Structure formats: C-alpha cells, structure tokens
Amino acid sequence: PMASNMRLFSLLLTFFIVPSSLAFVSKPFVSRINHSKCFMSSSFNEESYEKDRLAKDAEAMDAMKNEAEDEFSKLRTPWKWVIRKRIWDLLEEKDIARPPRPVHHRIPNFDRADRAAARLATLPEFIDAKCVKVNPDTPQKPVRYRVLAEGKTLLTPQPRLRTGFFSVLRKDSLPDSLDIRDVTTSKGVAKHGNPVGLNEEYTVDLVVVGSTAVCPDTGARVGKGEGFAELEWGILSLQGNLDAETTLVVTTVHDEQVVLMPEATLTKHDVPVDIIVTPTRIIRVPNRKPKPSGVFWDLLSPQKLAQIRVLQQLKQETEERTGEILPDGPNEVLPPTAKRNNKGNKGKRSSGKNRGPRGNAAGKQSGKQSKEAKP
C-alpha cells in the first residue's frame, strides 16, 4: 500500500556511515580459465561504434524522468530508490561526484576512485585471482586497469548486455604500443577485447561490482536499478563459470556511499558483497547474507527479457535441453536511465559450455546458498 511504502521511505531517509573496519577470512581460488588470445578485430568500425553508442545514450537521455517519491512505488523495489536518490543527491551536493554527471541513474563515479582501486589491489584475494570480472562503469575503470596491469585476465560485460555477453582481455595479448588505459573504456574493450560466448568454459575467481550504496554489516548492495550485476551473476553461476558459495564479491565506493540498511531489505536475487573498499579503508562484511545461484526466471519481467539477447538465448537453450517451459516474471515499470552531460561539469541535481547437463534453470532458483561469512 502507498501509505506503508511512504512510511518505509521516511524511515530510510536517514542513514549514517559506519566507520568500523571488519575482519573476514577467505580462501584463495584456482583459476581454470582457458586464456583466449585477445585481438583487435579487423571488422571493428570505431566510427560506427561511437555513433551507435551516442545514439543509445541519446535514447537513455530521452528516457530520463524527474521521479518524485510517490512515483517510486510503481517500481519493483521502491525502498531502494529512496536510498539511490539520497546518495546521488548527496554526492552531487558535496561535489564528491565525478564525470559523467549528473550521477543520477548510474553507478556514480566518485572522487579518488583510483585510490580505492589501488587499495583493492592489495587484497590477498585480488593478488591470488587469475580471472577477475569487473563491471563496465566509470568508477571501476581504475580497477580494470589494475587487473590488466597485474597480468590478470579481465572479464567485463558488454554495457547493459545489449550487444553481447562478455569480453575478455589480457595485457600479454595486446599490442606493445597500446596504453592499457585505452582498453579500459567500453570503446577500448569493444575494439581490443575477445568476445566470450554463453557456453564457453572458464572460471571467475573474483567479482568486482559498482554500487550506489552498500551496507557494511550485511553486504546488502544497491546499484543503479537495472539489475545487470545480479543477472550476470545468475548466468555465470548457472553456467558453472563461478561458484556462488565461494566466489568473493568486492565493491569500490566512496565512504559516503557506505550506509546501514534495514535488516530485511535483500530480495532473493540480490547479490551481497563480501568486501567494501573505499579510498580510506577496507571493510570485510561480518554478517554477509547468502548469495543466490542461477537465474530467477519467475522474477525476470518480459520487459527486461526483451532487452537482453543473451538471456533470450539462455532461456531458449534451457527449455530445449530440459523440455520444460520456464516461467515468466511479472510485468514491471523499467527504471529511468542516466542523462549524460558530455561537458563533464558539475551536474545539476536530478531526482529523478557444453559441460554436461546442468538441470532446470527454474529448479535451480533456490540455488546454492553460501555459508555465512565468518568474522
């Protein structure tokens, strides 16, 4: 009910930063990835790619809306939108935000993101990892650089999964004359990365995600509202490319993005984080909630499915393999997307494998549940 939602909104509007740094013990992982040689596609048309990217950015700009709090109740998780708006506004008001701006409706770039990436690179779990999946958003660009600079395999998704699934890059497969920083952008990945198909065999040792806000107690995370981090996790765990029980999830954020969240806020498909890294500290989450496994088809709306070809492919293959029709999720109002300010100035506030049988995707929804992280 609207009244109940608004009371919850009021409760969530007050957050505070928790300054404690918490201990967590994890296990190293052994990578089994087949390191495919990265290449520069001779068919890659940089001008066409940029034209298409800018056109899609223009579509996103047109979709941007000024969302009042009473409009959030139309979305699937209205409480998250209260948190998002609070943090987006805060980062802009305190001038912590960095381009692209305004940061509303995106994973917000923040001041000293490079320091957070440098701190992440000191983690034993990062040092031991051979293959690291990193989101394609701007604040994690320094993380992508660190992965490549350290000689690791970088696995990064196509933006919004709209052109494909993942791309893989390695420093030793790039031209010697190429600056690594040039391949950490979406254009650089598209030009120099090797596309990875849905059914290829590899193992992800560590996952790095971007966040709008994250809880230091439970690891609950709020992204930009499109659910791609959860979908990518679901696909990778379903296809056997990562172990939902043991694969660590790390996020890099500004200290202002570290906030307590109500206990019962995670939905069953949300992926909590194990480690939070800011420019000033490392927080090992003491009471991390269990991670999901597989794709929750009963939550995947027709609107979202229609946007993502790789999910359409996965659903079709699963139904053909099992002989069962997978469920459809409820219809939803998709959230507004980001408005780009190409000038980079301070943004104005906006409120607005074929590896044998894997079983039924729907039956795997309950998934493996990981053990609670130990202090």
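Structure: above.
As the structure is a prediction and not an experimental result, all values here were calculated from the model.

Colleague: Teacher, can you tell me more about the side chain of Glu125 here?
Modeller: Structurally, Glu125 can be placed in helix H6 (residues 124-128). A residue is classified by how much of its surface remains accessible, and Glu125, at 11% relative accessible area, is buried. Within the structure, the side chain of Glu125 is placed 2.9 Å from the side chain of Arg284, a separation counted as a polar contact.

Colleague: Would you mind going over the sheet that holds strand E2 (residues 153-157) with me for this structure?
Modeller: Whether parallel or antiparallel, the strands of a sheet pair through hydrogen bonds between backbone atoms. Spatial ordering of the open sheet is given by E4-E3-E2-E1-E5-E8-E9-E10, a layout of 8 strands whose pairing is mixed. The sheet terminates laterally at strand E4 (194-196) and strand E10 (282-284), the two strands that pair on one side only. Neighbour-to-neighbour, the strand axes of this sheet turn through a mean angle of 25°, independent of strand direction. The sheet contact formed by strand E1 (residues 131-134) and E2 spans 3 bridges and is parallel. Across the sheet, the residue bridging to Cys131 is Thr153, located in E2.

Colleague: Is there a simple way to think about helix H4 (residues 78-93) in this case?
Modeller: Because the α-helix completes a turn every 3.6 residues, residues three or four places apart line up on one side. Helix length check: H4 (16 residues) gives 23 Å between terminal C-alpha atoms against 22 Å at 1.5 Å per residue, within 8%. Downstream of H4 by one or two residues, Asp95 has phi in the positive range, about 55°.

Conventions used here
Residues numbered from 1 in each chain as written. Predicted model: local features only at pLDDT ≥ 70, side-chain atom pairs only at ≥ 80, totals over all residues. Heavy atoms only, no water. Helix = DSSP H or I, 4+ residues; strand = E, 2+ residues; numbered from the N terminus. Buried < 20%, exposed > 50% of the residue type's maximum accessible area, 1.4 Å probe, protein only. Polar contact = N/O pair within 3.5 Å; in protein donor to acceptor, adjacent residues only side chain to side chain. Pairing = 2+ DSSP bridges. Axes fitted to C-alpha atoms, helices over the stretch in contact; angles between N-to-C directions. Expected span 1.5 Å × (residues − 1).

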